[in-house]
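Each chain, letter by letter, is given below.
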Amino acid sequence: MIERKATVASRVGLHARPAAIFAEAAGELPVEVTIALEGSPADEAMDASSILSLMSLGAEHGDVVVLRSEDDGADEALDSLVRILETDHDA
Amino acid sequence: MNTFTGVGVSPGRVIGPVRQMPRPVAEPPAGEKWSSTTVDEETARLKAAAKSVQAELRKRGDSATGDARAVLEATAMMAADPMLLKSSNTLIVAGISAERAVWEAGAQVADMLRGLGGYMAERTQDVLDVRSRIVAELRGLPAPGIPAADRPFVLAAEDLAPADTATLDPEVVLALITSSGGPQSHTAILARALGLPAVVAARGVDEIKDGTEVFVDGAAGTVLTGPGDVERTASAIWAEQARSLGAYNGTCTTSDGHRVPLLANVGGGSDARKAAEAGAEGVGLLRTEFCFLDRDTEPTVAEQSAAYREVFDAFPHGKVVVRTLDAGADKPLPFLTDATEPNPALGVRGYRTELVTPGVVDRQLKAIAEASDGATTDIWVMAPMISTAEEARRFAESCAAAGLQTPGVMVEVPSAALTARTILQRVDFVSIGTNDLTQYVMAADRQLGPLAALNDPWQPAVLQLIRSTVAGAGAARSEAGPDGADAGRKSVGVCGEAAADPALAVVLVGLGVDSLSMSSRALAAVAAVIGSVSTAEARELAERALAAPTALEARAAVRAGLPILETLGL
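In this text, all values refer to a predicted model and were calculated from it rather than measured experimentally.

1. Topic: the UniProt feature "active site" (unreviewed entry) in chain B
Residue and element names in this part refer to chain B. This chain's UniProt record puts "active site" (unreviewed entry) on His186 and Cys495. Residue position: histidine 186 is located in helix H8 (residues 186-194). What makes histidine 186 partly exposed here is its relative accessible area of 25%. In this structure, cysteine 495 sits in the loop between strand E15 (491-494) and helix H19 (502-511). Among the residues examined, cysteine 495 registers a relative accessible area of 4% and is labelled buried. When near neighbours in sequence (up to four residues on either side) are disregarded, cysteine 495 contacts Asn265, Gly284, Leu285, Met382, Met410, Ser431, Ile432, Gly433 and Ser517.

2. Notes on unusual backbone geometry
Residue and element names in this part refer to chain B. The backbone of methionine 385 sits at a positive phi, close to 60 degrees, despite the residue not being glycine. Position of methionine 385 among the secondary structure elements: in the loop between strand E12 (378-383) and helix H14 (389-402). The backbone phi angle of alanine 443 is positive, close to 50 degrees, even though this residue is not glycine. If you trace the backbone, alanine 443 turns up in the loop between helix H17 (434-441) and helix H18 (460-484). Relative accessible area serves as the criterion here: at 69%, alanine 443 is assigned to the exposed category.

3. Some thoughts on the packing of helix H3 (residues 82-93) of chain B against helix H4 (residues 98-116) of chain B
Residues and elements named next belong to chain B. The N-to-C vectors of H3 and H4 enclose an angle of 130 degrees; their axes lie 8 Å apart at closest approach. Overall, the two elements H3 and H4 adopt an arrangement that is oblique. Seen along the crossing, H3 lies across H4 with a hand that is right-handed. Here Met83, Leu84, Ser87, Ser88, Leu91 and Ile92 of H3 lie close against H4, whose contacting residues are Ala98, Ala101, Val102, Glu104, Ala105, Gly106, Val109 and Met112. When its residues are assigned to classes, the contact of H3 with H4 shows 10 nonpolar, 3 polar and 1 charged.

4. Focus on the interface of chain B and chain A
Contacts between the two partners involve 17 residues from chain B and, on the opposite side, 14 residues from chain A. Carbon and sulfur atoms supply 78% of the area buried between chain B and chain A, which totals about 1300 Å² over both sides. At the boundary of chain B and chain A, one finds 1 salt bridge. Looking at the side of chain B that touches chain A, the elements that each hand over two or more residues are helix H2 (66-79), H3, H4 and helix H5 (118-122) of chain B. Broken down by class, the residue content of the side of chain B that touches chain A amounts to 14 nonpolar, no polar and 3 charged.

5. Brief notes about the sheet that holds strand E1 (residues 3-5) of chain B
Residue and element names in this part refer to chain B. Taken together, the 8 strands give an open sheet; going across it, the order is E1-E8-E7-E3-E4-E5-E6-E2, and neighbouring strands pair in mixed fashion. One side of each edge strand has no neighbouring strand; the edge strands of this open sheet are E1 and strand E2 (7-10). Going from strand to strand, the sheet's axes swing by 30 degrees on average, the running direction of each strand aside. Direction of pairing for E2 relative to strand E6 (residues 198-200): antiparallel, over a ladder of 3 bridges. Note on E6: the bridge partner recorded for serine 10 is alanine 198.

6. Comments concerning the packing of helix H1 (residues 39-62) of chain B against helix H6 (residues 124-139) of chain B
Residue and element names in this part refer to chain B. Across the interface, H1 lies against H6 with an axial gap of 9 Å and an inter-helix angle of 120 degrees. Judged by the inter-axis angle, H1 sits oblique to H6. Crossing angle aside, the handedness with which H1 passes H6 is right-handed. Counting all contacts with H1, which are made through Arg45, Leu46, Ala49, Ala50, Ser52, Val53, Leu57 and Arg60, the residues of H6 involved are Val130, Arg133, Ile134, Glu137 and Leu138. Residues that form the contact of H1 with H6 fall into these classes: 8 nonpolar, 1 polar and 4 charged.

7. With respect to the pattern of salt bridges
All names here are of chain B. In this structure the tally under the stated criterion is 35 salt bridges over all chains. Among the salt bridges present, the one from glutamate 42 reaches arginine 45, with a minimum N-O distance of 2.9 Å. Residue glutamate 42 and its partner arginine 45 are located together in helix H1, separated by 3 residues, close to a single helical turn. Its relative accessible area of 30% is what places arginine 45 among the partly exposed residues. Beyond isolated ion pairs, a larger network of salt bridges with shared partners links Glu289, Arg323, Asp326, Arg349, Asp436 and Arg446.

8. Thoughts on the sheet that holds strand E1 (residues 2-7) of chain A
Residues and elements named next belong to chain A. Taken together, the 4 strands give an open sheet; going across it, the order is E1-E4-E2-E3, and neighbouring strands pair in antiparallel fashion. The open sheet has two edge strands with one neighbour each: E1 and strand E3 (46-47). Sheet analysis places E1 next to strand E4 (residues 64-69), joined by 6 bridges and oriented antiparallel. Along E4, the bridge assignment pairs arginine 4 with leucine 67. Contacts from helix H3 (residues 75-85) reach E1 and E4 within the one sheet, and its direction differs from that of E1 by about 10 degrees.

9. Notes on the side chain of threonine 254 of chain B
With respect to the element layout, threonine 254 of chain B can be found in the loop between helix H9 (229-245) and strand E9 (262-266). Threonine 254 of chain B has contacts with Val509, Ile530, Gly531, Val533, Ser534 and Thr535 of chain B, leaving out every residue within four places of it along the chain.

10. Some remarks on the confidence of the model for chain B
On average, residues of chain B score 89 in pLDDT, and 95% of them are at 70 or above. The least confident element of chain B is helix H7 (residues 162-165) of chain B, whose mean pLDDT is 63; the most confident is helix H15 (residues 414-418) of chain B, at 98.

11. Some details on H3 of chain B
All names here are of chain B. Spanning 12 residues, H3 covers 16 Å between terminal C-alpha atoms, matching the ideal 16 Å at 1.5 Å per step. If you check which residues of H3 are buried, you get Met83, Leu84, Leu85, Ser88 and Ile92. At the N-terminal end of H3, a side-chain oxygen is found 2.8 Å from the backbone nitrogen of methionine 83, two or three residues along, and the residue is aspartate 81. Just past H3, the residue glycine 95 takes up positive phi, approximately 105 degrees.

12. Some details on the packing of aromatic side chains
Residue and element names in this part refer to chain B. What the rule picks out here adds up to 2 aromatic pairs over all chains. Geometrically, the ring pair formed by tyrosine 351 and phenylalanine 395 is edge-to-face, given 5.8 Å between the ring centres and 85 degrees between the ring planes. Here tyrosine 351 is found in the loop between strand E11 (319-323) and helix H12 (353-356), whereas its partner phenylalanine 395 is found in helix H14, with 44 residues between them in sequence. For phenylalanine 395, a relative accessible area of 0% puts it in the buried group. Judged by centre distance (4.7 Å) and plane angle (50 degrees), the ring pair of tryptophan 380 and phenylalanine 429 falls under tilted. Here the residue tryptophan 380 occupies a position in strand E12, and phenylalanine 429 occupies one in strand E14 (residues 429-432), the gap between them amounting to 49 residues. Judged by relative accessible area, tryptophan 380 falls into the buried class, the value being 5%. Take phenylalanine 429: its relative accessible area is 2%, and that puts it in the buried class. In this arrangement the basic side chain of arginine 19 is found over the ring face of phenylalanine 153, its NZ or CZ atom lying 5.9 Å from the centre. Here the guanidinium or amino end of arginine 131 rests over the ring plane of tryptophan 103, the centre of that ring lying 3.6 Å away.

Criteria and cut-off values
- Residues numbered from 1 in each chain as written.
- Chains lettered and ligands numbered in written order.
- Predicted model: local features only at pLDDT ≥ 70, side-chain atom pairs only at ≥ 80, totals over all residues.
- Heavy atoms only, no water.
- UniProt positions renumbered as here; feature names shortened; annotations may be inferred.
- Helix = DSSP H or I, 4+ residues; strand = E, 2+ residues; numbered from the N terminus.
- Buried < 20%, exposed > 50% of the residue type's maximum accessible area, 1.4 Å probe, protein only.
- Contact = heavy atoms within 4.5 Å.
- Axes fitted to C-alpha atoms, helices over the stretch in contact; angles between N-to-C directions.
- Parallel < 35°, antiparallel > 145°, perpendicular 65-115°, else oblique.
- Left-handed = near helix turned anticlockwise from the far one by under 90°.
- Nonpolar A, V, L, I, M, F, W, Y, C, P; charged D, E, K, R; others polar.
- Buried area = accessible area lost by both parts, 1.4 Å probe.
- Salt bridge = Lys/Arg side-chain N within 4 Å of Asp/Glu carboxyl O.
- Pairing = 2+ DSSP bridges.
- pLDDT = per-residue confidence, 0-100.
- Expected span 1.5 Å × (residues − 1).
- Polar contact = N/O pair within 3.5 Å; in protein donor to acceptor, adjacent residues only side chain to side chain.
- Phe/Tyr/Trp six-rings, centres within 6.5 Å; stacked < 30°, edge-to-face > 60°.
- Lys NZ or Arg CZ within 6 Å of the ring centre and 35° of its normal.

Next up, the structure:
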């Protein structure tokens, strides 16, 4: 399993448009990715391609989230998602 | 040829094909089982339906712009959301039908979002909308909501809800016809705001087949199937007149030169700018609660001040009447209203919220005062739902403490109309809200279709109360002497939908009402009709209306004296 950390850059947090952009990108990846708030148990991680899961996660601007994938070859995929999280989509 | 008769609530004559508003999607029965041959077949059915709803929403998103597009895109993603499908599939595996499974899974998600509060809670409706769409798709029924269509149509429904109105595009909807609802229903208010012809409470129109061509006469209150040459000519004449009536030059006078200021009812800055473009002399009713609907916390003084300033800036040389928050009944604000009241219309609403949530009014007055700093607008402030002179006195004191010069109150409760003299000893002006005044004096809920005939501002009791208010203002004015009557103060305005009915507007002028406030769309028609009569003729028509024993006879008597209405098709 590999993981990446990212800080949510969008001012409204990870909902609305930023969540839609992120979920869509995660859904297009060939690997399954989960997302959780930093410090929460790994088994509470949620499907990163679900906009409803992302909304219920309630990640605010500045929160750190952890992305995980069981696929060890998913480095590039996770990096692409980190870039999306660290961009302010409301700007 | 079939004729359906209802109540005309917004004038205009048009011909077009009917499209029925689909009925709300009914809840699939609890415990409903699937009848597919295998679990996989049932989960595949759900997936196909979800994908198809998603594709439809995407398509609509592609043709939308701005916020509407963002909302549709996010909603499209919810439709085939992995979490929603996974929870549904768990239920399908247990034998539950796809329809019931997605219904329950959607409810769970909605509850969770509601629990998160704030922005997430506001998305609850989107999830429930997606759920209904998927169920409709599974059942092979049309999707809920206003139908999408390539060519303009007449929208028929039982009644429209405020939520439907957000998606109503006046470019494709020609007219509104409903089997329920009254003259003050949301359908009626929306139709007047958009300038669409509308007939409400016309029984049977929700049964007309899709595609049937109908003639709608929003002044006469009739809907006709299979229109002929007479109706085609009438609708062509209306189209021509609507174009020429479109312009209002910004000044309304009777034929003998008596000025009647025409103001606009607005809900915020963008409305106010439109009203200014349409020629309104100012704002007769700023519905401040419309700046803050969907908020679950009280807006800060700075936020409020910025919202009000936008409105003031639209009328640098005009008047703006700011109404303090009118929460309650059909316009709940979570931070002010108690949703569990048994009789919300008779409950803690309008100025009465000060009894249970003191301080909100003072903070709002502070925000208005801050917004007025440096503005050249003539700013008046009024409180809604005032019943006594004592409440008027308390409000005037609060205004004075905030440094606001011109306090007033709404006349919506019959007691205020009957005691206008003592109320106007304490405040500078009153504004009659005819919608609520009618519902209260007739004891008839304004949302109820069967009571539409009672909910008519032409009712003799309503006209008597307006006369009583004007008489009270006259008495207060002469008591106040030359100083107190300064700049036309102790004045009486009307800001209800009645002011937008050109015939009734003439009666109001005849009764001695000083100014009229309405949706911007109605300005041109009202000015044209008022301009066709002298002050003496308006008084004579008002007497005819007051003498009539019924609302129908009052309307007929006045309309008979205003031949211009027929000429203009109003």
